[in-house]
2 protein chains.
Amino acid sequence: MPPMGGDLSRLRQLNALTVIKTLRGAEAATLSALAERTGLSRPSTKEVIDELSAMGWVEEVPPASGTMGRPARRYRFRADGGHLMGLDIGAYHIRAALADLDGGVIAETRRPAHPGAPLEDRLAAIEQAAATCLALGGLTIADLWAVAVGTTGLVGPEGRVIMSASIPAWRDLDLGGLLGEMFPCRVLVENDSRLAALAETRRGVARDARDVVFLHIGRRMGTGLIIDGRLHRGFGAAAGEIVMLPEAGWRDGPVDLNDAAIVPDGLPPEDAAGFTLAAARDGDPTALDAVARFTDKLAVGTAAAVLLLDPEIVVLGGGFSRSADVLLPPLRSRLERVCLRMPKLSASTLGDECVVLGAIDYAIEHLDQLFFAPDAPALRPPVRPATSPPGPDPT
Amino acid sequence: MPPMGGDLSRLRQLNALTVIKTLRGAEAATLSALAERTGLSRPSTKEVIDELSAMGWVEEVPPASGTMGRPARRYRFRADGGHLMGLDIGAYHIRAALADLDGGVIAETRRPAHPGAPLEDRLAAIEQAAATCLALGGLTIADLWAVAVGTTGLVGPEGRVIMSASIPAWRDLDLGGLLGEMFPCRVLVENDSRLAALAETRRGVARDARDVVFLHIGRRMGTGLIIDGRLHRGFGAAAGEIVMLPEAGWRDGPVDLNDAAIVPDGLPPEDAAGFTLAAARDGDPTALDAVARFTDKLAVGTAAAVLLLDPEIVVLGGGFSRSADVLLPPLRSRLERVCLRMPKLSASTLGDECVVLGAIDYAIEHLDQLFFAPDAPALRPPVRPATSPPGPDPT
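Each value, and the rule that gives it
Residues numbered from 1 in each chain as written. Chains lettered and ligands numbered in written order. Predicted model: local features only at pLDDT ≥ 70, side-chain atom pairs only at ≥ 80, totals over all residues. Heavy atoms only, no water. UniProt positions renumbered as here; feature names shortened; annotations may be inferred. Helix = DSSP H or I, 4+ residues; strand = E, 2+ residues; numbered from the N terminus. Rg over C-alpha atoms; globule rule 2.2 N^0.38 Å. Buried < 20%, exposed > 50% of the residue type's maximum accessible area, 1.4 Å probe, protein only. Contact = heavy atoms within 4.5 Å. Areas by Shrake-Rupley, 256 points an atom, 1.4 Å probe, with all protein chains shown as cover. Lys, Arg positive; Asp, Glu negative; His and termini not counted. Charge placed at Lys NZ, Arg CZ, Asp CG, Glu CD. Disulfide = S-S within 2.5 Å. Pairing = 2+ DSSP bridges. Axes fitted to C-alpha atoms, helices over the stretch in contact; angles between N-to-C directions. Core = buried A, V, L, I, M, F, W, Y, C linked by side-chain atoms within 4.5 Å. Domains from an automatic or database assignment. Buried area = accessible area lost by both parts, 1.4 Å probe. Salt bridge = Lys/Arg side-chain N within 4 Å of Asp/Glu carboxyl O. Polar contact = N/O pair within 3.5 Å; in protein donor to acceptor, adjacent residues only side chain to side chain. Nonpolar A, V, L, I, M, F, W, Y, C, P; charged D, E, K, R; others polar. Parallel < 35°, antiparallel > 145°, perpendicular 65-115°, else oblique. Left-handed = near helix turned anticlockwise from the far one by under 90°. Arc of directions from axis to C-beta. Phe/Tyr/Trp six-rings, centres within 6.5 Å; stacked < 30°, edge-to-face > 60°. Lys NZ or Arg CZ within 6 Å of the ring centre and 35° of its normal.

- In the annotation of an unreviewed UniProt entry, chain A is listed under the name ROK family protein and assigned to Actinomadura montaniterrae.
- Regarding chain A, the UniProt comment filed under Sequence similarities (unreviewed entry) reads as follows: "Belongs to the ROK (NagC/XylR) family."

This is the structure in structure tokens:
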């Protein structure tokens with residue numbers, strides 16, 4: 001057999017990624033169990049585990065006390081080997097969550113924001129939210145391997161926000177660059193609806209589905225698409241913007257709910273839709289009319305996505321997912337009239353956390369690519385970022 | 001280095017596929033050139049070429065006469081090692097084309113059909129078209145390695161036509177099974193718009209684009225999607241059916257063109273749209289009005305697809321692609337009003353052949369999967385089907 005050089009190291013990277021993905025978020029496993037679950041040969045599995053152990057990605061677990069005889073060695077992913085931060089920067093809020101390499105949330109925090117706030121104020125609020133979150137988790141900024149940010153608007157491939165309808169200061173803004181100055185590690189920026197879609201696929205109601213349409217419905221309306229198991233960005237990172245289709249009528253958000261006649265004068269505008277949804281739940285006819293008009297529009301954009309993509313599941317997420325009991329039945333009946341094949345239709349259980357959790361899952365995907373992809377430079381060890389972080393390489 | 005067993009043979013299959021894809025449709029190449037183009041090491045390339053040569057997939061090319069010294073050996077893909085047939089079964093026509101393993105068309109034929117013809121008549125016409133095509137190419141049915149069929153309607157994963165709006169006999173029909181009795185080789189059935197989209201990506205104006213929206217526009221209207229370089233079928237094989245969205249108004253086909261006031265009484269219905277398009281090209285105001293109404297509708301469904309998917313290119317294909325000069329300018333201006341990022345917008349150059357060519361490309365993809373995919377049983381030799389065809393395994 002002639003030597004295969006680069007091809008073999010490529011294969012080894014792939015095998016390492018397979019093992020990492022199998023161990024992450026799971027119980028400790030023996031070599032035999034790992035070989036079975038990964039489909040790798042046992043010698044390949046052993047080779048990969050030895051390499052990953054030497055580098056600190058994986059560790060042996062002590063046998064359970066009271067075990068008789070000599071038990072098979074078991075290995076687990078070192079989730080606490082590094083930490084990630086997810087940020088959700090919306091028009092009205094900033095959320096931060098701190099997670100380990102499994103994606104488990106260690107600490108989280110939320111601050112209100114104002115859509116018209118000047119850029120400096122918003123950046124300062126982001127910095128404060130991040131600092132609070134780190135303090136809650138007992139960590140420092142130097143412990144972060146990556147920060148992933150979900151934000152409203154059209155986000156270009158380099159982390160530049162091209163435009164945002166809801167944050168005026170977010171226009172042709174190098175947000176990735178600005179946050180890269182704030183954090184001494186990799187910073188990733190992506191559209192918030194897309195990250196929320198990712199979270200649903202990784203840990204929500206769409207878990208393991210290959211084709212998902214995520215409806216990000218609340219004060220604003222958007223969609224995120226998972227196609228063939230991957231976040232779909234499109235050629236110019238502008239995918240998922242069905243909100244712009246005039247016939248769908250999504251552009252002005254839930255105006256039918258906001259402007260319903262039953263909304264009392266003086267109610268803060270941001271509470272109007274919630275008021276109408278609650279009244280509809282109680283059977284108020286005016287509120288139910290408003291919900292019918294709103295779901296008519298919601299159904300047009302959703303039907304377009306379902307007819308084009310034929311997803312396994314449509315997830316109603318975002319702020320209004322709390323009112324899924326009111327919204328899903330009329331949405332379902334409208335879709336059933338039009339769609340050739342009706343997908344599963346479910347409410348998100350991640351609620352307002354969907355974006356920040358998706359940001360964490362996105363950061364994990366990025367690290368997997370960085371360390372284990374076939375074209376990654378090498379199986380780099382998870383050096384402690386206090387001395388030498390994987391970055392800085394803000395994108 | 002411990003032995004790697006199954007992993008290595010998987011790697012070898014992948015390498016073989018890489019080499020085949022590099023050689024197919026290209027000039028003969030030396031080992032060094034192949035290694036460079038595939039990114040494989042030279043020893044791996046040699047190993048793969050030796051194996052493929054032994055099996056008959058690849059052959060050495062004699063050095064050009066008059067070459068001085070000892071030239072490096074050159075290898076080429078044996079395109080004539082096997083043959084494929086593509087069939088396009090529409091409501092009004094049946095097309096057949098015969099191709100080699102490069103996808104080069106050797107012979108083709110076309111027969112008219114009638115939408116309401118009984119099933120037996122349609123099957124007989126298919127058999128006659130195939131026989132004529134084989135005779136034109138100097139081959140027999142036993143020379144075929146695979147037959148791929150594009151047809152109108154919703155095609156399930158097993159080659160069953162679930163429904164078709166334009167061929168009444170095509171309803172819950174095991175077309176794959178029926179054609180499997182006709183041909184002693186693999187038979188694949190897929191939606192015609194999807195296959196046309198594939199042809200555009202493999203050999204048409206969308207060549208090498210990763211994300212493509214194909215508009216299959218003529219007497220019927222449909223779309224085919226290529227996402228991340230692959231045909232998108234959806235979870236239940238129902239993707240691309242934006243034609244069903246009421247707001248797009250595609251369902252009744254080009255009624256605005258068919259029913260324009262300038263269409264003379266007595267013109268056969270199938271020629272009406274063409275008459276209107278020709279009159280619009282000559283500047284007739286009534287015809288231009290009809291074109292405007294038609295492109296308004298065309299733009300709604302196209303905008304939905306562009307906003308959701310952000311494709312690199314939108315291809316106007318199908319029968320009306322001949323009138324792209326009339327249709328594209330109004331379509332472009334309507335899309336520009338709505339789309340966040342305007343994709344390239346081009347007319348197909350494959351014309352009425354798009355489906356049959358896509359069927360051939362689809363058959364080639366299938367054979368690649370069959371022989372070279374990582375989970376294929378082995379690098380099976382291209383045995384002559386006269387003695388032992390790769391099938392029969394109709395799906």
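Let's pick the thread back up.
1. Some points on the overall build of chain A
Item 1. The helix and strand tally for chain A stands at eleven helices and 15 strands.
Item 2. Radius of gyration (C-alpha) of chain A: 23 Å, near the 21 Å computed for a compact globule of 395 residues.
Item 3. By principal-axis analysis of the C-alpha atoms, chain A measures approximately 75 × 50 × 50 Å.
Item 4. Expressed as a percentage of its 395 residues, the buried residues of chain A come to 57%.
Item 5. A separation threshold of at least 6 residues defines the contact pool for chain A, and within that pool the share at least 24 residues apart is 65%.
Item 6. Carbon and sulfur atoms provide 51% of the accessible area of chain A, an area that totals close to 16000 Å².
Item 7. Taken as two groups, the 40 positive and 50 negative side-chain charges of chain A have centres that lie 5 Å from each other.

2. A short note on the state of the cysteines
Item 1. This structure, assessed with the given rule, holds zero disulfides over all chains.
Item 2. Residue Cys185 of chain A stays outside any disulfide, its sulfur separated by 13 Å from that of Cys133 of chain A, the closest cysteine.

3. Considerations on unusual backbone geometry
Item 1. Non-glycine residue Asp172 of chain A carries a positive phi angle of around 45 degrees.
Item 2. Mapped onto the elements, Asp172 of chain A comes out in the loop between strand S9 (161-163) and helix H5 (175-182).

4. A word on the sheet that holds strand S7 (residues 144-151) of chain B
Across a sheet, paired strands are connected by hydrogen bonds in the backbone, their directions being either parallel or antiparallel.
All names here are of chain B.
Item 1. Spatially, five strands are ordered S6-S5-S4-S7-S10 in an open sheet, and the strand pairing comes out mixed. What marks the edges here is a single partner per strand, and that holds for strand S6 (105-112) and strand S10 (186-191). Each adjacent strand pair in this sheet contributes to an overall mean axis angle of 15 degrees, direction not counted.
Item 2. Note that S7 and S10 share six bridges and pair parallel. Note on S10: the bridge partner recorded for Gly150 is Glu190.
Item 3. Sheet strands in contact with helix H6 (residues 192-203) are S7 and S10, and its direction is about 100 degrees off that of S10.

5. Some details on the nonpolar core
Item 1. Counting 92 residues, the largest nonpolar core has Leu215, Leu298 and Leu309 of chain A together with Leu309 of chain B as its most contacted members.
Item 2. Beyond its immediate chain neighbours, meaning those up to four positions away, Leu298 of chain A contacts Leu215, Ile217, Met221, Trp250, Leu316 and Leu331 of chain A.
Item 3. Of all hydrophobic cores here, the second largest spans 53 residues; its members include Trp57, Ala206, Leu367 and Leu370 of chain A.

6. Comments concerning the domain arrangement of chain A
All names here are of chain A.
Item 1. Domains assigned within chain A are domain 1 (6-77), domain 2 (81-196 + 354-372) and domain 3 (205-349).
Item 2. Put simply, the middle of domain 1 and the middle of domain 2, counted by C-alpha atoms, are 32 Å apart.
Item 3. Buried area between domain 1 and domain 2, both sides added, is near 840 Å², and the carbon and sulfur share of it is 64%.
Item 4. Of all residues in domain 1, Leu17, Arg24 and Trp57 bury the most surface against domain 2, accounting for 59% of the area lost on that side.
Item 5. Between domain 1 and domain 2 we count one salt bridge in total.
Item 6. Salt-bridge contacts for Arg24 lead to Asp368; the nearest nitrogen and oxygen are separated by 2.7 Å.
Item 7. Our count for the domain 1 to domain 2 interface comes out at two residue pairs in polar contact (both at pLDDT 80 or more).
Item 8. Class assignment of the residues belonging to the side of domain 1 that touches domain 2 gives a composition of seven nonpolar, two polar and two charged.

7. A closer look at the environment of Glu365 of chain A
Residues and elements named next belong to chain A.
Item 1. Relative to the assigned elements, Glu365 resides in helix H11 (residues 354-372).
Item 2. For Glu365 and Asp143, which are 222 residues apart along the polypeptide, the C-alpha to C-alpha distance reads 18 Å.
Item 3. Apart from the residues within four sequence positions on either side, Glu365 is in contact with Leu198 and Arg202.

8. Topic: the interface of chain B and chain A
Item 1. At the interface, 52 residues of chain B touch 52 residues of chain A.
Item 2. Linking chain B with chain A are two salt bridges, by the criterion used here.
Item 3. Inspection of the chain B/chain A interface yields 18 residue pairs in polar contact (both at pLDDT 80 or more).
Item 4. Mapped by element, the contributors of at least two residues to the side of chain B that touches chain A are helix H1 (6-23), helix H3 (42-55), strand S12 (221-227) and helix H9 (285-309) of chain B.
Item 5. The element that contributes the greatest number of residues to the side of chain B that touches chain A is H9 of chain B, accounting for seven residues.

9. Remarks on the packing of H9 of chain B against helix H10 (residues 324-338) of chain B
In helix packing, the relevant descriptors are the interaxial angle and the interaxial distance, both defined with respect to the helix axes.
Residues and elements named next belong to chain B.
Item 1. At a closest axis distance of 9 Å, the pairing of H9 and H10 adopts a crossing angle of 50 degrees. Considered as vectors, H9 and H10 are oriented oblique to each other. Crossing angle aside, the handedness with which H9 passes H10 is right-handed. Contacts from Val291, Ala292, Phe294, Thr295, Asp296, Leu298, Ala299, Thr302, Ala303 and Leu307 of H9 reach H10 at Val326, Leu327, Pro330, Leu331, Arg334, Leu335 and Val338.

10. What about the sheet that holds strand S14 (residues 313-317) of chain B?
Residues and elements named next belong to chain B.
Item 1. One open sheet holds the five strands; their spatial order is S13-S12-S11-S14-S15, and the pairing between them is mixed. Two strands lie at the open edges of the sheet, namely strand S13 (230-231) and strand S15 (344-347), each paired on one side alone.
Item 2. Taken together, the six bridges between strand S11 (residues 212-217) and S12 define a ladder with antiparallel strand orientation. When the bridges of S12 are listed, Leu215 appears paired with Thr223.
Item 3. Against the sheet, H10 touches S11, S14 and S15, its axis set at about 165 degrees to S15.

11. Let's talk about helix H2 (residues 31-38) of chain B
Residue and element names in this part refer to chain B.
Item 1. Residues Leu31, Leu34, Ala35 and Thr38 constitute the buried set of H2. Relative to the axis of H2, the buried residues are bounded by an arc of 100 degrees and lie together on one face. Those residues of H2 that are exposed and aimed more than 90 degrees away from the buried face are Glu36 and Arg37.
Item 2. After H2 finishes, the residue Gly39 shows a positive phi value of roughly 80 degrees.

12. Regarding the packing of aromatic side chains
The geometry of an aromatic ring pair comes down to the distance between the two centres and the angle between the two planes.
Residues and elements named next belong to chain A.
Item 1. On inspection of all chains with the given rule, the structure shows four aromatic pairs over all chains.
Item 2. For the pair Trp57 and Trp145, a centre-to-centre distance of 5.8 Å together with 90 degrees between the ring planes defines the contact as edge-to-face. Of this pair, Trp57 sits in the loop between helix H3 (42-55) and strand S2 (58-61) while Trp145 sits in strand S7 (residues 144-151), and the two are 88 residues apart along the sequence. Across the pair, Trp145 and Trp57 agree in class, each one buried.
Item 3. Sitting over the face of the ring of Trp170, Arg122 holds its NZ or CZ atom 5.6 Å from the ring centroid.

13. Remarks on the packing of helix H4 (residues 119-137) of chain B against helix H5 (residues 175-182) of chain B
Residues and elements named next belong to chain B.
Item 1. One can describe the packing of H4 onto H5 by two numbers: an axis separation of 11 Å at closest approach and a directional angle of 45 degrees. What the angle tells us is that H4 and H5 run oblique. For H4 against H5, the interelement crossing comes out right-handed. Residue-level inspection shows Leu119, Leu123, Ile126 and Glu127 of H4 in contact with H5, the latter providing Leu175, Leu178, Leu179 and Met182.
Item 2. Its residues assigned to classes, the contact of H4 with H5 comprises seven nonpolar, no polar and one charged.

14. Comments concerning the pairing of strand S3 (residues 74-77) of chain A
Residues and elements named next belong to chain A.
Item 1. Burial of S3 is one-sided: the residues Tyr75 and Phe77 facing one way are buried, the residues Arg74 and Arg76 facing the other way are not.
Item 2. Across two bridges, the pairing between strand S1 (residues 29-30) and S3 is antiparallel. What sits directly across from Ala29, in S3, is Tyr75.
Item 3. Across four bridges, the pairing between S2 and S3 is antiparallel. Residue Glu59 lies in a different strand from S3, and its bridge partner there is Arg76.

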